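# Analysis of the macromolecular model
Residue strings, one per chain:
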Amino acid sequence: MAGAVQAIDPSVPPSGAGCVECDETGSWWLHLRRCAACGHVGCCDDSLNKHATAHYRQTGHPVMQSFEPGEDWFWDYATEDYTDGPRLADPQSHPRSQSVPGPAERVPADWEALLG
């Protein structure tokens, strides 16, 4: 866990309420993950674009935390396992009013089929 702790900066707030790259391209996501080092919010591996994993590959920041309401678990890409971490800067999740998948206005009617 020592490596995971070094990869976490609890003072950094999340980059926003949604996946940075999906927002930039007009795409949508299923669930969100937050980088524990820099606050980048990306979509999970069950989403079409898998931007959280792409962020890890591009930056080497191994630890992500769920950015879903009511979830506080951490994932370490380097060990491919759950890990522990401190409370990160608020907010702890996207707004509860935000749809899942989201954002609602960009989610296609056949989203479940698209995710397979």
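That block above? That's the structure.
As the structure is a computational prediction, the values presented were derived from the model and not from experiment.

## Quick look at helix 3 (residues 51-59)
Of all the residues in helix 3, the buried ones are His-51, Ala-52, Thr-53 and His-55. Along its buried surface, helix 3 packs onto helix 2 (20-25), strand 1 (32-35), strand 2 (41-43) and strand 3 (63-66). Residue Gly-60 follows helix 3 closely and has a positive phi angle near 80°.

## Side note on the pattern of salt bridges
Pairs may arise between side chains of opposite charge once their charged atoms sit close together. Taken as a whole, this structure holds two salt bridges when the rule is applied. Across the salt bridge formed by Asp-23 and Arg-106, the nearest N and O atoms sit 2.7 Å from each other. You can see Asp-23 sitting in helix 2 and its partner Arg-106 sitting in the loop between strand 5 (81-83) and helix 4 (111-115), a full 83 residues away along the chain. Between Arg-87 and Asp-90 there is a salt bridge, with its nearest N and O atoms 2.7 Å apart. By relative accessible area, Asp-90 is classed as partly exposed at 48%.

## Quick notes on the packing of aromatic side chains
Going through the model one piece at a time under the given rule, you end up with three aromatic pairs. Between Trp-73 and Tyr-82 the ring centres are 5.6 Å apart and the planes differ by 85°, which places this aromatic pair in the edge-to-face class. The exposure class assigned to Tyr-82 is exposed, which follows from its relative accessible area of 54%. Seen from their ring centres, Trp-75 and Tyr-82 are 5.0 Å apart, and the 85° between their planes marks the pair as edge-to-face. Taking the relative accessible area as the measure of exposure, Trp-75 reaches 25% and is therefore partly exposed. Here the aromatic residues Trp-73, Trp-75 and Tyr-82 are joined through ring pairs into a cluster of three or more.

Cut-offs used in this document
- Residues numbered from 1 in each chain as written.
- Predicted model: local features only at pLDDT ≥ 70, side-chain atom pairs only at ≥ 80, totals over all residues.
- Heavy atoms only, no water.
- Buried < 20%, exposed > 50% of the residue type's maximum accessible area, 1.4 Å probe, protein only.
- Helix = DSSP H or I, 4+ residues; strand = E, 2+ residues; numbered from the N terminus.
- Contact = heavy atoms within 4.5 Å.
- Salt bridge = Lys/Arg side-chain N within 4 Å of Asp/Glu carboxyl O.
- Phe/Tyr/Trp six-rings, centres within 6.5 Å; stacked < 30°, edge-to-face > 60°.

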